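# Descriptive analysis of the structure
If you want the building blocks of each chain, they are given just below.
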Amino acid sequence: MSDRLRAALLIAPALAVFGAFFLIPLGQLAVAGGAGGYTTILTEPRYLRSLGVTLLVAALTTAITLGIATAVGLFLARNRFPGRGTLLALLTLPLAFPGVVVGYLVIMLAGRQGLVSEISMALGGERIVFAYSLAGLLLGYVYFSIPRTLLTVIAAAEKLDPRLEEAARSLGASPLGVLRDVLLPGLSPALTAAGAICFATATGAFGTAFALASRIDVLPMVIYTEFTLQANLAVAAALSFLLGLATWAVLALARGASGGAAG
Amino acid sequence: MSVAIKLRGCGKTWPGGTVALHPLDLDIAAGETLVLLGPSGCGKTTLLRLIAGLELPDAGGQVLFDGEDVTRLPIERRNVGMVFQSYALFPNMDVAGNIGYGLRVRGIPRAEVARRVDEMLEMTRLTEFARRRVDALSGGQRQRVALARAIAPRPRVLLLDEPLSALDARLREELRQEIDALLRSLGITAIYVTHDQAEAMALSDRICAMERGRIAQIGTGRDLYHRPANDFVAGFVGDTNRLGEELVRPEQLALHPSAEGEWTVQRATFLGPFVRVKLRDAAGRELMVDMPDLATPAPGARVEVRRRGPA
Ligand SMILES: Nc1ncnc2c1ncn2[C@@H]1O[C@H](COP(=O)(O)OP(=O)(O)O)[C@@H](O)[C@H]1O
Ligand SMILES: [Mg+2]
């Protein structure tokens, strides 16, 4: 009994902080939407469409990022070569960039005066510009997400027992079989965790979309517009709460699915 | 099914310049159990991995399976079974899943896989654990799963790298006998790496003693014990006394109490099956004699030493 009391006392400060800085603002946000805010976003299709696009972009970003980070991470974890450290530093540099900077990088690459555009013109083709489309947005998000995902994958890959892979190969497994039966199952906890962070970050990403002034209406942009330009606090709050709820639901589903598969 | 293996001029130099193996030739007969014996770092694992196809020999080296040059054939196409000290079981599969893996990746029909897995489970006395997670098994059980997994696809050769070194002494002895029985009944060519000379003696048809990347001697356990090629081999497979030019094992000598004996007993250590007696003479030479625990002389006693006659 006294043990429990002590435990309760010990955890009290953490609960107080959690309540003050997390639950209370969240509650206020939920309430601020008011009946009006929620009615509006649920009846006007463009809000729900925006939510759908946001989740789609986040899901695509996560899938592409995990694919690239797994391939590159496995390679970097297994191979030692001159320049490996420099390459790793270069790959993880965008960790420090604000989303806006990433947006500008995409414009410099794929905007109207961008590198891709110039090259395609010089080659006598049509001017190729994709910075402001779904492809541009995805490029920015993936660029932004790769560093932290890559570091997680490398750390997990270095902990994999190389004997497992050798055992699978001795039993006749092809490289693809080794990937499917040994490497991916071994990396799955890390991939789930990194994927969740990647997805959540992508649903809330604002700076990149803002800098690109993209044709894609992601929800954080809509919230920003409602809040600052329309001063429509109720709708902005309701949308924020909805975005949080939807992200949480997707992550819970993903965790359930991967937990079931691994267990 | 099982193959004869030949190595020709197989050396291995690591990128850093470490020479793990000096170029060597080795012949292993079909169905033979060859034990690679030697201290840690002498190149046993490297040699095993060359045969497995996990490492490429230095230029000029050749690995032949029944005369066929497999030097450049990757391990997944060599049809070899491997057993590691760390078991290396797939944690995402249960016991039966592990054992059947090599059959499944070969595309063998499910019913056939199930039949073969049952057979393996029975052979290794694991039937009741078929659906267990591998992390819920003891070390000995895990190594039996690894063994069953390695032999299920009927490999051409079985390669074992210190399979018992992670187990405690009792279990080690038990499993060693099981492996021995298994190798005899399968008649498979097997290469077994160990640093334990007792294990090597018990399991081998022949022992290949290795010293710093070279083969020091190949022969039966008896050859190595009674006719060691050099001091290294002599010392590695047992304790020795040097009598002039000759090496004599402690159990080949007998003590006789005698007031004029030239040897004095220093110390008698009870070791269970026998007592080891350390002797010294006036010139400071030392001698070890093993004798039954019957009439052990006390320290300080004078003794004569004679060679035991042939039993
Ligand atoms: N992958 C490797 N890279 C560099 N050196 C290695 C590697 N593997 C083994 N060695 C070195 O090669 C030598 C032989 O090692 P090994 O074959 O593992 O010996 P053993 O199995 O007899 O203990 C040792 O000096 C070891 O440090
Ligand atoms: Mg070794």
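Sequence order as written defines the numbering, with residues in each chain counted from 1. Think of it this way: whatever chain is written first is A, whatever ligand is written first is 1, and the rest follow in order. Residue-level local features of this predicted model are given only where pLDDT is at least 70; pairs of side-chain atoms are given and counted only at 80 or more, and the full residue set underlies all totals for whole chains, interfaces and linings. As a rule here, side-chain values come from all non-hydrogen atoms in the structure, and water together with hydrogens is ignored.

## Considerations on the overall build of chain B
- Along its length, chain B carries eight helices and 17 strands.
- Its C-alpha atoms give chain B principal-axis dimensions of about 80 × 50 × 35 Å.
- To sort residues, take the accessible area from a 1.4 Å probe on protein chains only and compare it with the maximum for the residue type: under 20% means buried, over 50% means exposed, and anything in between is partly exposed. Within chain B, the proportion of its 311 residues that are buried is 48%.
- Residue contacts follow a heavy-atom distance rule, with two residues in contact if any of their heavy atoms lie within 4.5 Å. Across chain B, every contact between residues at least 6 apart in sequence was considered, and the portion connecting residues at least 24 apart equals 62%.
- Carbon and sulfur atoms make up 50% of the accessible area of chain B, which amounts to about 14700 Å² in all.
- Neither His nor the chain termini are counted; the positive set is Lys and Arg, and the negative set is Asp and Glu. Throughout, a charge is located at the NZ atom of Lys, the CZ atom of Arg, the CG atom of Asp or the CD atom of Glu. Mean positive and mean negative side-chain charge positions of chain B (42 and 40 charges, respectively) differ by 4 Å. Starting at the N terminus, helices and strands are each numbered in turn, a helix being any DSSP run of H or I of at least four residues and a strand any DSSP run of E of at least two. Areas reported as accessible are Shrake-Rupley estimates using a 1.4 Å probe. Residue values count occlusion only from the protein chains shown.

## Brief notes about the UniProt feature "domain: ABC transmembrane type-1" (unreviewed entry) in chain A
- UniProt positions are given in the numbering used here, feature names are shortened, and annotations may be inferred rather than shown by experiment. In the numbering used here, UniProt assigns the feature "domain: ABC transmembrane type-1" (unreviewed entry) to residues 51-254 of chain A.
- Each end of residues 51-254 of chain A is marked by a C-alpha atom, and these two atoms are 18 Å apart; helix forms 79% of the span and strand 0%.

## Topic: the pairing of strand β14 (residues 263-270) of chain B
All names here are of chain B.
- Relative to strand β15 (residues 275-281), β14 is paired through seven bridges, and the arrangement is antiparallel. Paired with V265 across the bridge in β15 is L279.
- By the bridge criterion, two bridges tie β14 to strand β17 (residues 302-307) in an arrangement that is antiparallel. Across the sheet, residue W263 finds its bridge partner in β17, namely V303. Strand pairing is assigned whenever DSSP identifies at least 2 bridges connecting the two strands.

## What to know about a nonpolar patch on the surface
- Only residues whose relative accessible area exceeds 30% and that form no salt bridge are eligible for patches; like-charged ones are grouped when within 9 Å, while nonpolar side chains (Val, Leu, Ile, Met, Phe, Trp, Tyr) are grouped when within 5 Å. We define a salt bridge as a side-chain nitrogen of Lys or Arg found within 4 Å of a carboxyl oxygen belonging to Asp or Glu. A cluster of nonpolar side chains, namely I11, L15, F18, F22, L23 and L26 of chain A, defines an oily patch on the protein surface of about 560 Å² accessible area.
- Considering the arrangement of structural elements, one finds L26 of chain A in helix α1 (residues 2-32).

## A short note on the layout of surface pockets
All names here are of chain A.
- Cavities and pockets were defined on a 1 Å grid built from protein atoms only: a cavity is a group of points that admits a 1.4 Å probe but offers it no way out, a pocket is an open group of points flanked by protein on both sides within 12 Å along at least five of seven lines, and a lining residue is one with an atom within 4 Å of any such point. Grid points are joined across faces, edges and corners, and a volume is the space filled by probe spheres set on the points. Within this model, the largest pocket holds a volume of roughly 320 Å³.
- If you go around the largest pocket, you meet 15 residues; those closest to its centre are R78, D161, P162, E165 and E166.
- If you list the elements that add at least two residues to the lining of the largest pocket, you get α3 (45-78), α8 (162-170) and α9 (175-204).
- Ranked by residue count, the leading element in the lining of the largest pocket is α8, at five residues.

## Focus: the packing of aromatic side chains
Residue and element names in this part refer to chain A.
- A pair of aromatic rings is counted whenever rings of Phe, Tyr or Trp (Trp by its six-membered ring) have centres within 6.5 Å, and the orientation is called stacked for planes under 30 degrees apart, edge-to-face for over 60 and tilted otherwise. In total, this model carries seven aromatic pairs over all chains according to the counting rule given.
- Aromatic side chains F75 and F81 sit 5.9 Å apart centroid to centroid with 40° between the ring planes, which places their arrangement in the tilted category.
- You can call F81 partly exposed: its relative accessible area is 28%.
- The interplanar angle of 50° and the centroid separation of 5.0 Å between the aromatic rings of F206 and Y224 together place this pair among those described as tilted. In this pair, F206 is assigned in the loop between α9 and α10 (207-212) and Y224 in helix α11 (residues 219-229), connecting sequence segments 18 residues apart.

## Considerations on the domain arrangement of chain B
All names here are of chain B.
- The assigned domain composition of chain B is domain 1 (5-233) and domain 2 (246-307).
- The C-alpha-based centres of domain 1 and domain 2 are spaced at 41 Å.
- Opposite the five residues of domain 1 that make contact, domain 2 presents four residues.
- Remark: the boundary between domain 1 and domain 2 carries zero salt bridges.
- Under the rule applied, a polar contact is a pair of N or O atoms within 3.5 Å (in protein, one hydrogen donor and one hydrogen acceptor; residues adjacent in sequence only if both atoms are side-chain atoms). Applying the counting criterion to the domain 1 and domain 2 interface returns two residue pairs in polar contact (both at pLDDT 80 or more).
- Examining the composition of the side of domain 1 that touches domain 2, we find that three residues originate from one element, helix α7 (residues 221-226), more than from any other.
- Partitioning the side of domain 1 that touches domain 2 into residue classes produces three nonpolar, one polar and one charged. Domain start and end points were adopted from an automatic or database domain assignment. Residue type decides the class: Asp, Glu, Lys and Arg count as charged, Ala, Val, Leu, Ile, Met, Phe, Trp, Tyr, Cys and Pro as nonpolar, and the leftover types, Gly among them, as polar.

## Focus: the UniProt feature "domain: ABC transporter" (unreviewed entry) in chain B
- Under the UniProt annotation, the feature "domain: ABC transporter" (unreviewed entry) is placed at residues 5-237 of chain B.
- As annotated, residues 5-237 of chain B comprises 36% helix and 25% strand, and the C-alpha atoms at either end are separated by 25 Å.

## Thoughts on the UniProt feature "transmembrane region" (unreviewed entry) in chain A
- Within this numbering scheme, the UniProt entry marks residues 7-31, 51-75, 87-107, 127-144, 190-213 and 233-254 of chain A as carrying the feature "transmembrane region" (unreviewed entry).
- The span residues 127-144 of chain A shows a helical share of 61% and a strand share of 0%, and its end C-alpha atoms are spaced 26 Å apart.

## Quick word on the packing of α3 of chain A against helix α7 (residues 134-159) of chain A
Residue and element names in this part refer to chain A.
- It is the contact of α3 with α7, at a shortest axis distance of 6 Å, that shows an interaxial angle of 40°. Accordingly, the angle class assigned to the pair α3 and α7 is oblique. As α3 packs across α7, the resulting crossing turns out to be right-handed.
- Residue composition of the contact of α3 with α7, by class: 20 nonpolar, six polar and one charged. Each axis is a line fitted through C-alpha atoms, taken for helices only over the stretch in contact, and angles between the N-to-C directions span 0 to 180 degrees. In what follows, roughly perpendicular refers to angles from 65 to 115 degrees, roughly parallel to angles under 35, roughly antiparallel to angles over 145, and oblique to any angle outside these ranges. Helix crossings get a hand from a simple test, with the near helix turned counterclockwise from the far one by less than a right angle marking a left-handed crossing and a clockwise turn marking a right-handed one.

## Quick notes on the interface of chain A and chain B
- Contacts between chain A and chain B engage 17 residues on the former and 23 residues on the latter.
- In this description, buried area is defined as the sum, over both parts, of the accessible area (probe of 1.4 Å) that is lost when the two are combined. In total, chain A and chain B occlude about 1600 Å² of area from one another, counting both sides; carbon and sulfur atoms represent 59% of this.
- The largest share of the area that chain A buries against chain B comes from R169, S170 and L171 of chain A, three residues that together contribute 38% of it.
- One can count two salt bridges joining chain A with chain B.
- With its nearest N and O atoms 3.0 Å apart, the salt bridge here joins R169 of chain A to E76 of chain B.

## Details of the site of ligand 1
Residues and elements named next belong to chain B.
- One heavy atom within 4 Å of a molecule or strand makes the whole residue count as near it. As a structural note, the neighbourhood of ligand 1 is formed by W14, T18, A20, P39, S40, G41, C42, G43, K44, T45 and T46.
- A distance of 3.1 Å is found between an oxygen atom of ligand 1 and a backbone nitrogen or oxygen belonging to G43.
- K44 has a polar side-chain atom sitting 2.9 Å from an oxygen atom of ligand 1.
- Contact with the protein chains covers 59% of the free accessible surface of ligand 1, which is 560 Å².
- In terms of residue count, the dominant contributor to the shell around ligand 1 is helix α1 (residues 44-52) (three residues).
- Residue composition of the shell around ligand 1, grouped by class: four nonpolar, six polar and one charged.

## Some details on the pairing of strand β3 (residues 33-37) of chain B
All names here are of chain B.
- Of all five residues that make up β3, five are buried, and the element is covered over most of its length.
- Every second residue of β3 is oriented toward a common face, with T33, V35 and L37 on one face and L34 and L36 on the other, all of them buried.
- With five bridges joining them, β3 and strand β8 (residues 189-194) adopt parallel strand pairing. Looking across to β8, one finds that V35 is bridged to Y192.
- Strand direction decides the pairing type here: β3 and strand β9 (residues 206-211), joined by four bridges, are parallel. Bridge pairing in β9 places V35 opposite I207.

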